[in-house]
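# Residue-level structure breakdown
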Amino acid sequence: MAVFSPLHARRLNKVEQSALIGRLEVQQQAALAQLWRILPAMRLVGGVVRDLLAGRTIVDIDLATPEPPEEVMERLRTHGVHVVATGLQHGTVTAVLDGASYEITTLRRDVETDGRHAVVRWTQDWQQDAQRRDFTINAMSVDQAGILYDYFAGQADLAAGHVRFVGHAARRIEEDALRILRFFRFYGRYGQGQPDQQAMQAITSGADLLDGLSVERVWMELRRILTGPNVAVLLPYMEQTGVLAHILPEGTTLPRCARLLEYGAPACALLRLAGLSCNAPVVVRRLKCSRADVGVVDALSKPAPIPEVGMTDDGLRRLLAEESYDVLAGRIWLHQAEQIRTDAQNQAFAQLRQRLHGLERPVFPIAGRDVVAMGVPAGPEVGRIMGQVRQWWLAGGCRAGAEVCRAQIKQQLGAKAVQS
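So, here is what we can say about the structure in this document. None of these values were measured; they are calculated from a predicted model.

What counts, and at which threshold
Residues numbered from 1 in each chain as written. Predicted model: local features only at pLDDT ≥ 70, side-chain atom pairs only at ≥ 80, totals over all residues. Heavy atoms only, no water. Axes fitted to C-alpha atoms, helices over the stretch in contact; angles between N-to-C directions. Helix = DSSP H or I, 4+ residues; strand = E, 2+ residues; numbered from the N terminus. Parallel < 35°, antiparallel > 145°, perpendicular 65-115°, else oblique. Contact = heavy atoms within 4.5 Å. Nonpolar A, V, L, I, M, F, W, Y, C, P; charged D, E, K, R; others polar. Salt bridge = Lys/Arg side-chain N within 4 Å of Asp/Glu carboxyl O. Buried < 20%, exposed > 50% of the residue type's maximum accessible area, 1.4 Å probe, protein only. Core = buried A, V, L, I, M, F, W, Y, C linked by side-chain atoms within 4.5 Å. Pairing = 2+ DSSP bridges.

What follows covers the packing of helix H18 (residues 325–336) against helix H19 (residues 343–358). In contact at an axis separation of 10 Å, H18 and H19 are set at 175 degrees when each is read in the N-to-C sense. The pairing of H18 with H19 is recorded here as roughly antiparallel in orientation. Mapping the contact onto sequence places Tyr325, Leu328, Ala329, Ile332, Trp333, His335 and Gln336 in H18 and Asn346, Phe349, Leu352, Arg353, Leu356 and His357 in H19. Grouping the amino acids of the contact of H18 with H19 by side-chain chemistry returns eight nonpolar, four polar and one charged.

Set out below in structure tokens:
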């Protein structure tokens, strides 16, 4: 059992313990109780402690223990718990209880770091493990007796909205440059007032270290920043420290992105990236985004067609037949954000999106088999006729049904026969 030390720990009172653990689901509480019987020295660590104390939604439950991973696996299996060796090189195993996964990591200390990866060794020193974490608000832990271990005043920082690196900010960044982006993500979610000056100075000095990160890691964090809170506050700080210039060297348009946020565009990372970047299609390819994400950004970035205020329903239906509502609405948002708009103009754009959303997406009601059924041999001629009928259907506002379209095919075939 952990030794209580008033220098860095305090026992939560019954009300605090009840409020803390009571915020977990019943299934999670039962799983923790079972794991604590098997690994009594284990603690809740990191984000789960931070969010429990902050009264926020719990996403993941991270656990740590002083036993080496092989012993952790043996103990769990001995007690009938299914265990998966998910990251033995990092000391992490996953216990599966009632279909839910719980990651348990052996306490670690850094032996060597290169800005991207760390060589670690196991330790039984909880403070040493906490010291390798990025921010004070992420370095707290709670044991099964309800003792909160807070080696770096993380609870006070959490209450004050102060996102601060553990120890020397520059050293933490040198160990892993991704912490630069993580700082902005956490500041956006938990920060209040001006950002930590030591952190900002270290980020400005170490911004070039971002160039050594894998693009996949950069996009993972940038995506979270763009979809998180207070983006309008974060981006100017990221520009001021030189961070944006390193992660988006294609150039940025902060004013357009700021207007996109101000006008109330949805929290879509790809839409916000399209508003922020001078060349989003190039960016998503450089960052090795998924094929689906590349397709979305390409569609958003096309200059036309863009639904215009005053367009008829027929015109909107024609656009919907070619593109999804999300893409067309995204283009409207980006067009709206190109310049400062009056309240009346913003209202008109909002009404345009509402009209577009209220329309059912038209689907061309016939297929090539309909042409073949009228005696046209399968081949290029079928495609040519289909293309002509589809253009006729579009010109009519996508209103014609299958029978009317078939009649148009017959009309075209008849006219062709007469010409022959």
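Moving on from the model shown.
Taken as a whole and assessed by the stated rule, the structure comprises 25 salt bridges. The shortest N-O distance in the salt bridge between Asp51 and Arg50 comes to 3.1 Å. Assigned by exposure class, Asp51 and Arg50 land together as buried. The network of salt bridges with shared partners includes Asp134, Arg182, Arg185, Glu221 and Arg224.

A few words now on the nonpolar core. The biggest cluster of nonpolar side chains holds 59 residues, and the ones touching the most others in it are Leu181, Phe183, Phe184, Trp219, Met238, Val243 and Ile247. Considering every element that reaches this core, the biggest residue donor is helix H8 (residues 178–190), with eight residues. Not counting chain neighbours up to four residues away, the residues in contact with Trp219 comprise Leu226, Ala269, Leu270, Leu273, Leu287, Cys289 and Asp293. One finds Leu20, Ile38, Leu52 and Leu148 within the second-largest nonpolar core, a separate group that totals 31 residues.

Moving on: the environment of Met311. Looking at the secondary structure, you find Met311 in the loop between helix H16 (291–301) and helix H17 (313–322). Residue classification places Met311 among the partly exposed positions, given a relative accessible area of 22%. Between the alpha carbons of Met311 and Leu352 there is a distance of 8.5 Å; along the sequence they are 41 residues apart. Once residues lying within four places of it in the same chain are set aside, the contact partners of Met311 are Ile306, Leu316, Leu319 and Arg355.

Relative to strand E5 (residues 92–97), strand E4 (residues 82–87) runs antiparallel, the two sharing four bridges. Across the sheet, residue Val83 finds its bridge partner in E5, namely Ala95. Here E4 folds back onto E5, and the loop between the two strands holds four residues, one of which, Gly91, carries a positive phi near 80 degrees.

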